[in-house]
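Working through the structure, step by step
Residue-level listing of the chains:
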Amino acid sequence: MDLDAVKVLLESQERTFRSALELVVEQWKERIRLAEGKMTDLTKSLEFSQAEILDLKNNEKVLQKLNKEKQVAVEELQSRVAELNHQLNYQEDYTRRNNLRISGLKEQPIGETWEQTAVNVSKILEDKLQLPSVNLERAHRVGPAAAAASSHPRAVVVRFRNFSDREAAIRNASKLKGTGIYINEDLCPASLKIKKKQFLLMKKAREDGKIAFFRHTRLIIRERIDQRSSSSVPAADSPHVGAGFSGWVAHGDSTVRPPDGTERVSSETTGDRRVSGDSTGCQQRVLRDRKKT
């Protein structure tokens, strides 16, 4: 084979190799273009997702702010409702300031009328408490009539025409000791519930020798003052309930349970005249009148 034939063969092989190489390069270029397109789509999708995430974060911040504002508004409304409920309970208690609740008073098993109930209450006030001239506005039983046939008579709500008569009945209520009859303040159910939650704390304070009493529904606990130095003169800070509320004393008194199932505060300490009654319907109060020695 001569030199010209070799040259022609090499040129032919070179052309074939270039064609193959160009085909491969074009294939790779096409693949690169496809990859670049996919990368572009992924980039746009990622940017869109990031924008959505940013929007969600912004919306979350707005929602959190709105939630905090609503929570503050709800708390304000709850506080306002609680305040209004407290005012309503106080007003209801105030409308009952001339009332007393008497438990343990015998009841006719069938058809006791209001007039008969008032007569029975007047007899108790006159015979037991030595209050013959007390004027009653009304006296009626409370609770379902079916309870009249049970062993425990229904309580009686008594409304006095004069607040002074009501106070006189409280001052003389200690004379009912041993009769099974108890005189209490007539408070609304919400006030009784608030006081009932504090009975154990009051009892514990009394067991520790402290003075514990209620001002309306608020429990007051004080250290005991030496009775030898204060037996003749009442303490200057003796509790008096404002707006017509009054209650019973709590000088280390023992707590017993009367037949009607409610807690009753009884007192045996010397020097003070105390009121016997159940503490579910009364406030603790220091009476100013002390026995003369």
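Quick note: structure is the one above.
In short, a report on the structure. Everything numeric here is computed off the predicted structure, so don't read it as measured data. (Residues numbered from 1 in each chain as written. Predicted model: local features only at pLDDT ≥ 70, side-chain atom pairs only at ≥ 80, totals over all residues. Heavy atoms only, no water.)

With respect to empty space enclosed by the protein
Applying the stated criterion to the full structure yields one cavity of 30 Å³ or more. Reported here for the largest cavity is a volume of approximately 40 Å³. Lining the largest cavity are His86, Asn89, Tyr90, Ser191, Ile194, His216 and Thr217. For the lining of the largest cavity, the elements supplying multiple residues, two or more each, are α1 (3–95) and α4 (189–196). At three residues, the largest contribution of residues to the lining of the largest cavity is made by α1. (1 Å grid on protein atoms, 1.4 Å probe; cavity = no way out; pocket = protein on both sides within 12 Å on 5 of 7 lines; lining within 4 Å. Points joined across faces, edges and corners; volume = space filled by probe spheres on them. Helix = DSSP H or I, 4+ residues; strand = E, 2+ residues; numbered from the N terminus.)

As for helix α2 (residues 114–128)
Given a rise of 1.5 Å per residue, 15 residues ought to cover 21 Å, and the 21 Å separating the end C-alpha atoms of α2 matches this to within 8%. Considered for burial, the residues of α2 that qualify are Thr117, Val121, Ile124 and Leu125. In an axial view of α2, the angular spread of the buried residues amounts to 95 degrees, which keeps them on one side of the axis. Tucked inside the fold, the buried residues of α2 contact β1 (99–103), β2 (136–141), β3 (156–160) and α3 (163–171). Looking at the residues trailing α2, positive phi occurs at Gln130, about 55 degrees. (Expected span 1.5 Å × (residues − 1). Buried < 20%, exposed > 50% of the residue type's maximum accessible area, 1.4 Å probe, protein only. Arc of directions from axis to C-beta. Contact = heavy atoms within 4.5 Å.)

Description of the pattern of salt bridges
Enumeration according to the criterion identifies 14 salt bridges in this entry. A salt bridge links Arg166 to Glu167, with the nearest nitrogen and oxygen atoms 2.7 Å apart. Note that Lys204 is salt-bridged to Asp208, the shortest N-O span being 2.8 Å. The exposure class of Lys204 is partly exposed, given its relative accessible area of 44%. Among the charged side chains, a network of salt bridges with common partners joins Glu92, Arg96, Arg101 and Asp186. (Salt bridge = Lys/Arg side-chain N within 4 Å of Asp/Glu carboxyl O.)

Regarding the environment of Asn135
With respect to the helices and strands, the residue Asn135 is situated in the loop between α2 and β2. Taking the C-alpha atoms as reference points, Asn135 and Arg161, 26 residues apart in sequence, are found 5.7 Å from one another. In this structure Asn135 touches Phe160, Arg161, Asn162 and Asp165, once residues within four positions along its chain are discounted.

Quick notes on the sheet that holds β3
Pairing between the strands of a sheet is mediated by backbone hydrogen bonds and can be parallel or antiparallel. Read from one edge of the open sheet, four strands run β2-β3-β1-β4, paired in antiparallel fashion. In the strand order of this sheet, the two ends are held by β2 and β4 (182–185), each with one partner. Mean inter-strand twist for the sheet, computed between neighbouring axes without regard to direction, equals 25 degrees. Sheet topology places β2 next to β3; five bridges connect them, and they run antiparallel. Directly across from Arg138, in β3, lies its bridge partner Arg159. Strands β1, β3 and β4 of the sheet are contacted by α3, whose axis makes an angle of about 35 degrees with β1. (Pairing = 2+ DSSP bridges. Axes fitted to C-alpha atoms, helices over the stretch in contact; angles between N-to-C directions.)

Description of helix α5 (residues 199–207)
Turning to α5, its buried residues are Phe199, Met202, Ala205 and Arg206. Looking down the long axis of α5, one finds its buried residues gathered within 125 degrees of arc, a one-sided arrangement. Facing away from the buried side of α5 by over 90 degrees, the exposed positions are Leu200 and Glu207. Backbone geometry just after α5 places Gly209 at a positive phi near 85 degrees.

A short note on a nonpolar patch on the surface
Taken together, the side chains of Phe17, Leu21 and Val25 make up a nonpolar region of the molecular surface, amounting to roughly 280 Å² of accessible area. Note that Phe17 resides in helix α1. (Patch = residues over 30% accessible without salt bridge, like charges linked within 9 Å, V, L, I, M, F, W, Y side chains within 5 Å. Areas by Shrake-Rupley, 256 points an atom, 1.4 Å probe, with all protein chains shown as cover.)

Looking at the nonpolar core
Ile102, Val121, Leu125, Val158 and Phe160 are the most contacted members of the largest nonpolar core, which totals 21 residues. Within the residue set of this core, elements represented by two or more residues are β1, α2, β2, β3 and α3. The contacts of Ile102, once residues within four sequence positions are left out, are Val121, Ala155, Val156, Val158, Ile181, Tyr182 and Ile183. (Core = buried A, V, L, I, M, F, W, Y, C linked by side-chain atoms within 4.5 Å.)

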